[in-house]
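# Commentary on secondary and tertiary structure
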Amino acid sequence: MITASPWWTPDVHADRRPRLIQRNAIAASMRDWFARRDFIEVTTAALQVSPGNEAHLSAFATEAIGPDAVRSPLYLHTSPEFACKKLLAAGEQRIFSLGAVWRNRERGPLHHPEFTMLEWYRVGETYESLMADCAALLALAAERAGAKTFRFRGREADPFAEPERLSVAEAFSRYAGIDLLATVAADGSTDRETLQAALVQAGLRTAEDDNWADLFSRVMVEKVEPALGQGRATILYGYPISEAALARPSAADPRVAERFEFYCCGVELANAFGELTDPAEQRRRFAAEMDEKERVYGERYPLDEDFLDALAIMPQASGSALGFDRLVMLATGALRIDDVIWTPVA
């Protein structure tokens, strides 16, 4: 059995180093891009009371030991989102964070347990402004790396082209032949049986214990995502309200949320929201997510009560989180996320 040499051996590091130097250059360019637009860089604490409350995000748990020897559970954050929104409640207007986040149960060509997230917020601006930001940052990374075309797993895209804008409903119709919104009511409730029948018609597998969200995710993974970001980047917007996470409902259609994801070469790069500022609705969503987490994984995470309190005074804002390492991968032509991380987790 042949074992690859560790990343720290001189010959392996020499091969990796050019992409790592490009990584640093892209990071410097992005910091300058935000600074020129009056954003303030913030550094948020990695240790949090709650790591986030999405059902399928798994965190690294630890504990704090006080001077009195009392032990309190803490988690490494899966995103700086809660802390950043508290800063918006405190009065900040334009902020960004470029730093490490941690997600358990994730390892592969596009996943690493510790990775770098670029997250930014605009107070008083719509989430459409973030669509323009994502396009600009994609082009900036390409320009800094000297890349005219992004390539990944047989897919190609022009990072300088105007992104395609495609609603989730349009994507389901185009790539799977499914009328998604026919399974979502005006109050946001979903029709599992109708969606399951549509999947069977589309030739996709289903199981008796699949809920509506499971079926939605299967279409996304198997039919929609592989087709996105080919030729040019894709902005996939208008997620069903049940998939809204921390996004507010759309004023145009209560069945969908102000949420978009940004794709290039079939790779999800960013997830953005017109931010929800209703603490009661956010608490309801968190509780539902934690119920689902307990059903699937047998565990749940605490709620950050300070965060929910802050939402009550947080101004209207829009925010986006972008996987920085993935963007560097595409810009430098790397095949695995480990290839653009200075010191990969063992």
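Structure shown above.
Presented here is an overview of the structure given in this document. What you see is a predicted model; the values in this text were computed from it and never measured.

Further remarks concern the overall build of the protein chain. Scanning the protein chain from terminus to terminus reveals 9 helices and 13 strands. The globule rule puts the C-alpha radius of gyration for 346 residues at 20 Å, and the 20 Å found for the protein chain is close to it. A burial count over the protein chain gives 51% of its 346 residues as buried. Considering only contacts in the protein chain between residues 6 or more positions apart, those separated by 24 or more positions represent 68%. Per element, the accessible surface of the protein chain, about 15800 Å² overall, is 52% carbon and sulfur. Here the protein chain contributes 38 positively and 52 negatively charged side chains, and the mean placements of these two sets differ by 5 Å.

This paragraph deals with the packing of helix 5 (residues 192–201) against helix 6 (residues 212–224). Two elements in contact, helix 5 and helix 6, have axes separated by 9 Å at closest approach and are oriented at 30 degrees. Classified by the angle between their axes, helix 5 and helix 6 sit roughly parallel to one another. Regarding helix 5 and helix 6, the two cross each other, and that crossing is left-handed. On helix 6, the residues touching Arg192, Leu195, Gln196 and Leu199 of helix 5 are Trp212, Leu215, Phe216, Arg218 and Val219. Residue classes in the contact of helix 5 with helix 6 are distributed as 6 nonpolar, 1 polar and 2 charged.

Below, the discussion takes up the nonpolar core. Ranked by internal contacts, the top residues of the largest apolar core, which has 46 residues, are Met30, Leu118, Trp120, Phe150, Phe260 and Phe262. Counting only elements with at least two residues in this core, the list comes to helix 1 (10–35), strand 5 (94–102), strand 6 (114–123), helix 3 (127–145), strand 7 (150–152), strand 11 (259–264), strand 12 (267–274) and helix 9 (324–332). Take this core: its biggest share by element is 10 residues, from helix 3. Among all residues touching leucine 118, those that are not within four sequence positions of it are Met30, Phe34, Phe96, Ser97, Leu98, Leu137, Ser320, Ala321 and Leu322.

Right, let's get into the side chain of histidine 77. When you line up the elements, histidine 77 lands in the loop between strand 4 (71–76) and helix 2 (81–90). You can call histidine 77 buried: its relative accessible area is 3%. Separated by 3.5 Å, the side chain of histidine 77 and the backbone oxygen of alanine 45 make a polar contact. Not counting chain neighbours up to four residues away, the residues in contact with histidine 77 comprise Thr44, Ala45, Ala46, Gln48, Pro51, Ala100, Val101 and Trp102.

Considering all chains together, one arrives at 12 aromatic pairs under this definition. A connected cluster of aromatic rings, assembled from ring pairs, spans Trp33, Phe34, Phe39, Phe96 and Trp120. The ring of tyrosine 239 carries arginine 259 above its face, with NZ or CZ at 4.2 Å from the centroid.

This brings us to the sheet that holds strand 2 (residues 47–48). The strand order 2-4-3 describes an open sheet built from 3 strands, whose pairing is antiparallel. With partners counted over all chains shown, the strands left at the sheet margins are strand 2 and strand 3 (61–65), one partner each. With 5 bridges joining them, strand 3 and strand 4 adopt antiparallel strand pairing. Within strand 4, the position partnered with threonine 62 by the bridge is leucine 74.

Let us look at the environment of glycine 323. Structurally, glycine 323 is set in strand 13 (residues 317–323). Take glycine 323: its relative accessible area is 15%, and that puts it in the buried class. Note: C-alpha distance between glycine 323 and glutamate 268 (55 residues apart in sequence) is 8.3 Å. Glycine 323 has contacts with Thr116 and Leu269, leaving out every residue within four places of it along the chain.

Moving on, we come to the sheet that holds strand 10 (residues 234–237). Reading across from one edge, 1-5-6-13-12-11-10-9 is the order of the 8 strands in this open sheet, with mixed pairing throughout. Of all strands in the sheet, those with a lone pairing partner are strand 1 (40–41) and strand 9 (164–167), marking the two edges. Bridge analysis of strand 10 against strand 11 gives 4 bridges, and the strand direction is antiparallel. Bridged to leucine 236 within strand 11 is glutamate 261.

A few words now on helix 5. Along helix 5, the residues that are buried comprise Arg192, Leu195, Gln196 and Leu199. Here the buried residues of helix 5 occupy an arc of 100 degrees about the axis, which is enough to place them on one side. Those residues of helix 5 that are exposed and aimed more than 90 degrees away from the buried face are Glu193 and Gln201. Its side-chain oxygen 3.2 Å from the backbone nitrogen of glutamate 193, aspartate 191 forms the N-cap of helix 5. Glycine 203 sits one or two positions beyond helix 5 and adopts a positive phi of about 80 degrees.

Attention now moves to the pairing of strand 4. Moving residue by residue along a regular strand, the side chains alternate between the two faces of the sheet. In this structure, strand 2 lies alongside strand 4, joined through 2 bridges in antiparallel fashion. Bridging from a neighbouring strand, leucine 47 pairs with leucine 76 of strand 4. Where strand 3 folds back onto strand 4 in an antiparallel hairpin, the turn is made up of 5 residues, including alanine 69, whose phi is positive at roughly 70 degrees.

Here the focus is unusual backbone geometry. With phi around 65 degrees, arginine 105 is a residue other than glycine that occupies positive phi space. Tracing the chain through its elements places arginine 105 in the loop between strand 5 and strand 6. Overall, arginine 105 belongs to the exposed group, its relative accessible area being 57%. In this structure, arginine 153 takes a positive phi of about 50 degrees despite not being glycine. Positionally, arginine 153 belongs in the loop between strand 7 and strand 8 (155–157). Residue classification places arginine 153 among the exposed positions, given a relative accessible area of 54%.

Rules used throughout
Residues numbered from 1 in each chain as written. Predicted model: local features only at pLDDT ≥ 70, side-chain atom pairs only at ≥ 80, totals over all residues. Heavy atoms only, no water. Helix = DSSP H or I, 4+ residues; strand = E, 2+ residues; numbered from the N terminus. Rg over C-alpha atoms; globule rule 2.2 N^0.38 Å. Buried < 20%, exposed > 50% of the residue type's maximum accessible area, 1.4 Å probe, protein only. Contact = heavy atoms within 4.5 Å. Areas by Shrake-Rupley, 256 points an atom, 1.4 Å probe, with all protein chains shown as cover. Lys, Arg positive; Asp, Glu negative; His and termini not counted. Charge placed at Lys NZ, Arg CZ, Asp CG, Glu CD. Axes fitted to C-alpha atoms, helices over the stretch in contact; angles between N-to-C directions. Parallel < 35°, antiparallel > 145°, perpendicular 65-115°, else oblique. Left-handed = near helix turned anticlockwise from the far one by under 90°. Nonpolar A, V, L, I, M, F, W, Y, C, P; charged D, E, K, R; others polar. Core = buried A, V, L, I, M, F, W, Y, C linked by side-chain atoms within 4.5 Å. Polar contact = N/O pair within 3.5 Å; in protein donor to acceptor, adjacent residues only side chain to side chain. Phe/Tyr/Trp six-rings, centres within 6.5 Å; stacked < 30°, edge-to-face > 60°. Lys NZ or Arg CZ within 6 Å of the ring centre and 35° of its normal. Pairing = 2+ DSSP bridges. Arc of directions from axis to C-beta.

Read these as spatial facts, not as claims about activity.
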